[in-house]
Amino acid sequence: MIIGTAGHIDHGKTSLVHALTGVDTDRLKEEKARGISIDLGFAYLPAPDGSILGFVDVPGHEKFVHNMVAGATGVDFVLLVVAADDGPMPQTFEHLAIVELLGVKRGVVALTKADLAAGAAREEVYRAIHRALARTTLAAAEIIPVSTATGEGIDALREHVFDAARRTDRHSARGRFRLAVDRSFSLPGIGAVVTGTVLSGSVEVGNRVTISPRGVVARVRSIHAQNRVTTTGRSGERCALNLAGEGVSKDAAARGDIVLDPSLHAPTDRIDATLSVLAGEKKPIGQWTPVRLHHAAAEVGAHVVLFADQPVEPGSEAFVQLVLERTIAAAVGDRFILRHPSGQRTIGGGRFLDLRPPARKRRTPERLGQLAACALEDPAESLATLLARAPYFVDFSAFARDRALTNGESEQLARELALVQIAAPVGVIVVSELTSKRLKENLLVALAAFHADNPDLPGLGMERLRLQLEPRLPAPAFAAHLRGLAQAEAVALDGAWVRLPHHSVKLTSGDERAWARVWPLLAGDCRFRPPRVRDVAALLSASEADVRRLMKLTARMGKVYEIAHDHFFLRETVAEMAAIMRDLANAAADGQFTASEFRDRLDNGRKVAIQVLEFFDRHGVTLRRGDRRRMNKHQLDLFRTSTEADHSPSGREASPVGRPDFKSGRGREPVSGGFDSHSLPP
Ligand SMILES: Nc1nc2c(ncn2[C@@H]2O[C@H](COP(=O)(O)OP(=O)(O)OP(=O)(O)O)[C@@H](O)[C@H]2O)c(=O)[nH]1
Ligand SMILES: [Mg+2]
């Protein structure tokens, strides 16, 4: 258990810790000279049950409240010190407010200097303390009179603290490792050492850690926990870590850093939070109020963004966004304190709810609903609520990381909530079972409707499908979801086209017969310079309009591409030409080739070669600079070589007649019965 002192200057905190533990925590020369505490002091006390209690002694001076806040983070139990000859004073109230805002729920009041007040005077101070504690979480705390001068009450107080420690749940070391650094120094022969309170998880000798937000990676060479050499440090202990590694110099860390499990390193400078404004504040918090934000042992300038038009009144609570002047290493659920930028008083504080909130549209009803879900303290409850409302999906990897959940804990969560996980390129997206079912149903209905309206089209573009579905998953997650459905054979994927598995494009028997006569003309030796519509019509003694209609139709089915107006190439030929370009690019030292090099390989004349290249340019497969071109690797798949050639008149083969969605993401689609605008010159 870690016990933190609190209380007004000179009320006897340091003397009391000394009397309880035998340790004088005022170590600094200046502290000795001025007779006050300036920085945090640390002492340890072995308990009868073998455990060790850690004490954090804080300064009472109003100028050093920032140090007090740093010390109070991670404390389990507060030792509120009030001098019997003085009663509650300004920093008694301020420290009390801070420990409350930090969520410290247990404590005891030490009525110090009891030798200086007796009888009615002491009674009056009792009453004042009761008034101060009323309506706080310490309202029921015991008040124990003590004196370091006479020794009165010291043993009773020590027993009280031992008893509280026995009743403290042994920290379960839940979560991934995080330690809030309050001191960082270098010892001769040992190297860099950081000390601080372990906020969550545990660490072992040999573990790799990151010093966040600065991002220095280190290895834990040795550990002291609660002042004893050990191989493991865990949540609820004060630890000293000896860190080693490249870049771990003596100033590799400083107070305010968090040493954490490397997977948690994701600094943020914009955080949505709850904010409680202290009742004693004179003015409400307005839009963009500048503040000092204290989080763990870190301190940073920030501004408060309000979500409502009304300012946040003293004594009330609201959701706000905190925009920080630099990044910090935070976790969802962490407590923070806001102080006046001058450092003269505490304004309020609260709890972090979302470490990656949107910078825009941050006050829509949908967003505020999400925040209310984030405000639920239990991760399972919070996640279930998030998944039951728009946008119905959650980036689970970020959710788990930002709450410092271990793999085991997130797996448990996934089981408990029966989450449906969708692998995204980065991390995992989750939806509820209900949403997954609804998404699949909506998707199948949309595809069936599309096929019914467009029997001559191979399928619906992935992007257009995504945009018309509820819930609307992010594109990469939607693609992953579709791959899952395709694996389960609920849908079929042809490039970027999605169709129902049984759907196949049909030509009328008349068109099939016509196609059987046309395609051989486009194949064979003349495939790189196939006859144009007018020439095909002449060769077959057909009308130009009929041939054009058939070509447009088969283009929509993906059998041919219209490279230039009225000039159609077989799909396989286009794939072959793409492969030739790739060859040329690979053969060139700079990966570039010219139109003439390409023409020489095709032997189809400069004009046609240029038209072909311009076709590839339009689809982003080639990138042109002057007379030279290089390949755009990302778009190459659009014209993958087909191994299932499908020229057969029947078109009934299992082989897909898919055609890639050239501009997927921009919603360009062939229009049923109309021109294929993709293939038109710009
Ligand atoms: N008579 C009497 N004096 C005490 C007692 N406890 C502390 N003092 C005196 O009060 C003064 C302040 O004590 P500290 O323990 O330094 O007070 P503090 O709360 O740590 O002060 P800061 O850390 O500066 O806020 C010292 O001169 C102590 O000797 C007590 O029980 N009886
Ligand atoms: Mg002191």
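Residues numbered from 1 in each chain as written. Chains lettered and ligands numbered in written order. Predicted model: local features only at pLDDT ≥ 70, side-chain atom pairs only at ≥ 80, totals over all residues. Heavy atoms only, no water.

## Here's the deal with the overall build of the chain
Helix and strand counts for the chain stand at 19 helices and 32 strands. By the compact-globule yardstick of 26 Å for 682 residues, the chain is too spread out, its C-alpha radius of gyration being 36 Å. Dimensions of the chain, computed from the C-alpha atoms along their principal axes, are close to 120 × 50 × 45 Å. Within the chain, counting contacts between residues at least 6 apart in sequence, those at least 24 apart form 66% of the total. Each charge class in the chain can be summarised by its mean position, and for the 88 positive and 82 negative side chains these summaries are 4 Å apart. (Helix = DSSP H or I, 4+ residues; strand = E, 2+ residues; numbered from the N terminus. Rg over C-alpha atoms; globule rule 2.2 N^0.38 Å. Contact = heavy atoms within 4.5 Å. Lys, Arg positive; Asp, Glu negative; His and termini not counted. Charge placed at Lys NZ, Arg CZ, Asp CG, Glu CD.)

## Description of the coordination of the magnesium ion (ligand 2)
Under ideal tetrahedral coordination, the four donors around a metal are separated by 109.5 degrees; under ideal octahedral coordination, the six donors are separated by 90 or 180 degrees. Within the protein, T14 (OG1) and S37 (OG) serve as the donor atoms for the magnesium ion (ligand 2), at 1.9 to 2.0 Å. Of this pair, T14 sits in helix 1 (residues 13-21) while S37 sits in the loop between helix 2 (29-34) and strand 2 (41-46), and the two are 23 residues apart along the sequence. Of the two residues, T14 and S37, both sit in the buried class. (Donors = N, O, S within 2.8 Å, 3.2 Å for Na, K, Ca; no water. Buried < 20%, exposed > 50% of the residue type's maximum accessible area, 1.4 Å probe, protein only.)

## Section: the site of ligand 1
The full set close to ligand 1 counts 18 residues, and K13, T14, S15, S37 and T148 are the nearest of them. Between ligand 1 and K13, the relevant distance is 2.8 Å, taken from an oxygen atom to a main-chain nitrogen or oxygen of the residue. Between K113 and ligand 1, the recorded distance is 3.0 Å, taken from a side-chain N or O atom to an oxygen atom. Compared with its free state, where it exposes 650 Å², ligand 1 has 78% of that area covered by protein. Within the shell around ligand 1, the residues separate by chemical class into five nonpolar, nine polar and four charged. (Near = heavy atom within 4 Å. Polar contact = N/O pair within 3.5 Å; in protein donor to acceptor, adjacent residues only side chain to side chain. Areas by Shrake-Rupley, 256 points an atom, 1.4 Å probe, with all protein chains shown as cover. Nonpolar A, V, L, I, M, F, W, Y, C, P; charged D, E, K, R; others polar.)

## With respect to the sheet that holds strand 24 (residues 428-431)
Read from one edge of the open sheet, three strands run 22-24-23, paired in antiparallel fashion. At either margin of the open sheet sits one strand with a lone partner, and together these are strand 22 (394-395) and strand 23 (420-423). (Pairing = 2+ DSSP bridges.)

## Here's the deal with the packing of aromatic side chains
The full count for this structure, using the stated rule, is five aromatic pairs. With 5.9 Å between their ring centres and 55° between their planes, Y561 and F615 make a pair best called tilted. Placement of the pair is Y561 in strand 28 (residues 560-564) and F615 in helix 19 (residues 606-618), with a sequence separation of 54 residues. F615 shares its class with Y561; the two are buried. Seen from their ring centres, F593 and F598 are 6.5 Å apart, and the 45° between their planes marks the pair as tilted. Taken together, the aromatic side chains of Y561, F615 and F616 make up a single cluster linked through ring pairs. (Phe/Tyr/Trp six-rings, centres within 6.5 Å; stacked < 30°, edge-to-face > 60°.)

## Regarding the environment of G71
The topology assignment puts G71 in helix 3 (residues 65-72). On a C-alpha basis, the gap between G71 and A297 in space is 7.1 Å, while along the polypeptide they are 226 residues apart. Leaving out residues up to four positions away in the same chain, G71 has contacts with L40 and V56.

## Quick notes on a negative patch on the surface
Together, D10, D85, D86 and D115 make up a region of like negative charge exposed at the surface. Position of D115 relative to the elements: it lies in the loop between strand 5 (106-112) and helix 5 (119-133). A relative accessible area of 38% means that D115 is categorised as partly exposed. (Patch = residues over 30% accessible without salt bridge, like charges linked within 9 Å, V, L, I, M, F, W, Y side chains within 5 Å. Salt bridge = Lys/Arg side-chain N within 4 Å of Asp/Glu carboxyl O.)

## Concerning helix 16 (residues 544-556)
The end-to-end C-alpha distance of helix 16, which contains 13 residues, comes to 18 Å, matching closely the 18 Å that a straight helix rising 1.5 Å per residue would cover. Buried residues of helix 16: V547, L550, M551, K552, L553, T554, A555 and R556, and no others. The inward-facing, buried residues of helix 16 contact helix 14 (509-522), helix 15 (533-540), strand 28 and strand 29 (567-570). Downstream of helix 16 by one or two residues, G558 has phi in the positive range, about 85°. (Expected span 1.5 Å × (residues − 1).)

## Some remarks on the pattern of salt bridges
Counted by the stated rule, this structure contains 33 salt bridges. Between E299 and R292 there is a salt bridge whose closest N-O contact spans 3.1 Å. Where D566 meets R548, a salt bridge forms, and the shortest distance between an N and an O atom there is 2.8 Å. Placement of the pair is D566 in the loop between strand 28 and strand 29 and R548 in helix 16, with a sequence separation of 18 residues. In this structure D566 comes out as buried when scored by relative accessible area, which is 11%. Under the relative-accessibility criterion, R548 is labelled partly exposed at 22%. Taken together, the shared-partner salt bridges in this structure form one network comprising E124, R127 and R131.

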